[in-house]
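For reference, the chains in residue letters:
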Amino acid sequence: MINLPGELFEDDSDSDLVTGLELYEAKEWEKALPSLELAALKGNVTAIFKLANSLDNLDREDEAIPLWEAAAEWGHLGACNNFAIRLRNVGDIDGARELYRKSAAAGNAQSMFNLAQTYDEETETDKFLEWLLLAKDAGMHRAQAMLGDHYFKHGLPLEGTQLLEEAMEKGSLSAHILAGRIAYQNDDFERAYRIANDALDLPLVDDDKHLVPNAHMIRGLSGDHLGHREQAISDVKIAKDMGFDVSIAPLYLRVPKTTQRVPAPHSSQAAHHYLTLS
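Given the structure is predicted, the values throughout are model-derived calculations rather than measurements.

This part covers the overall build of the protein. Check the secondary structure of the protein and you find 15 helices and 0 strands. Relative to its 278 residues, the protein shows a buried fraction of 49%. Put simply, of all contacts in the protein between residues at least 6 apart along the chain, 57% involve residues at least 24 apart. Element-wise, carbon and sulfur atoms account for 50% of the exposed surface of the protein, whose accessible area totals about 13200 Å².

Attention shifts here to helix α13 (residues 212–225). Along its 14 residues, α13 runs 20 Å from first to last C-alpha, staying within 8% of the 20 Å computed at 1.5 Å per residue. Positive backbone phi, at 95°, marks G227, one or two positions downstream of α13.

Once that is clear, we can look at the side chain of D14. The residue D14 is located in the segment before α1 (15–25) in this model. On the basis of relative accessibility, which here comes to 10%, the residue D14 falls in the buried class. There is a polar contact of 2.9 Å between the side chain of D14 and the backbone nitrogen of D16. Within the structure, the side chain of D14 is placed 3.0 Å from the side chain of K42, a separation counted as a polar contact. Beyond its immediate chain neighbours, meaning those up to four positions away, D14 contacts A39, K42 and N44.

Thresholds, definitions, all that
- Residues numbered from 1 in each chain as written.
- Predicted model: local features only at pLDDT ≥ 70, side-chain atom pairs only at ≥ 80, totals over all residues.
- Heavy atoms only, no water.
- Helix = DSSP H or I, 4+ residues; strand = E, 2+ residues; numbered from the N terminus.
- Buried < 20%, exposed > 50% of the residue type's maximum accessible area, 1.4 Å probe, protein only.
- Contact = heavy atoms within 4.5 Å.
- Areas by Shrake-Rupley, 256 points an atom, 1.4 Å probe, with all protein chains shown as cover.
- Expected span 1.5 Å × (residues − 1).
- Polar contact = N/O pair within 3.5 Å; in protein donor to acceptor, adjacent residues only side chain to side chain.

By themselves, these figures tell us nothing about what the structure is for.
Right, dumping it as structure tokens:
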């Protein structure tokens, strides 16, 4: 825990910050720490935020949280989002929503998306959709994919399919996962296999890494129906090794068909995933 000064400021020209950011952008988290800490000790809020992110990337979240909190209190929007995630994780929904709204009000699409997910899709639908639509309109493809999935599950399959298809064309991995799951649910195993296969060929960004096991699971189980037995075994093993709880696969994939409500899996593979800012 470092002792921050009483007053914080923003200065992107600070030499220690510049050095630290070069290493940070290269994902050299450990090497970035000394320079970022020097700039943070001066009160540089950008350095504080990046130092917190670096510590979190090094599995030192306990050290990162007070730094995010300090930067969020100053008004740093990325810190507002990231600290809100931690508040949400410990059950402080009201505190998380306050910070998400602050960041969302400045146009941050990820905070809009995260804020939507603090509302229950079934019992707080209006708020859930309000913020999801705002995130979609702000250009977040993952929000568009989730919106399409919601429409599909709630009796609007044409509208849902259109949104998912558009998001897939934009390269959204989450849209591929949701569309592939829907195809599998409706016994269209060839389409499910093709979509999952395409998903695994997409360029991977950090926020999508948690979705990769889902793509392997969909390709594996749909491929098994198509006679691709060896690949199916390989895909399911990869999904399991990457953290997918294979015991939930029946719940995740074998559910009522398109116009019926689809129960969301209560697991780490559920659609809800809060996005950190870097």
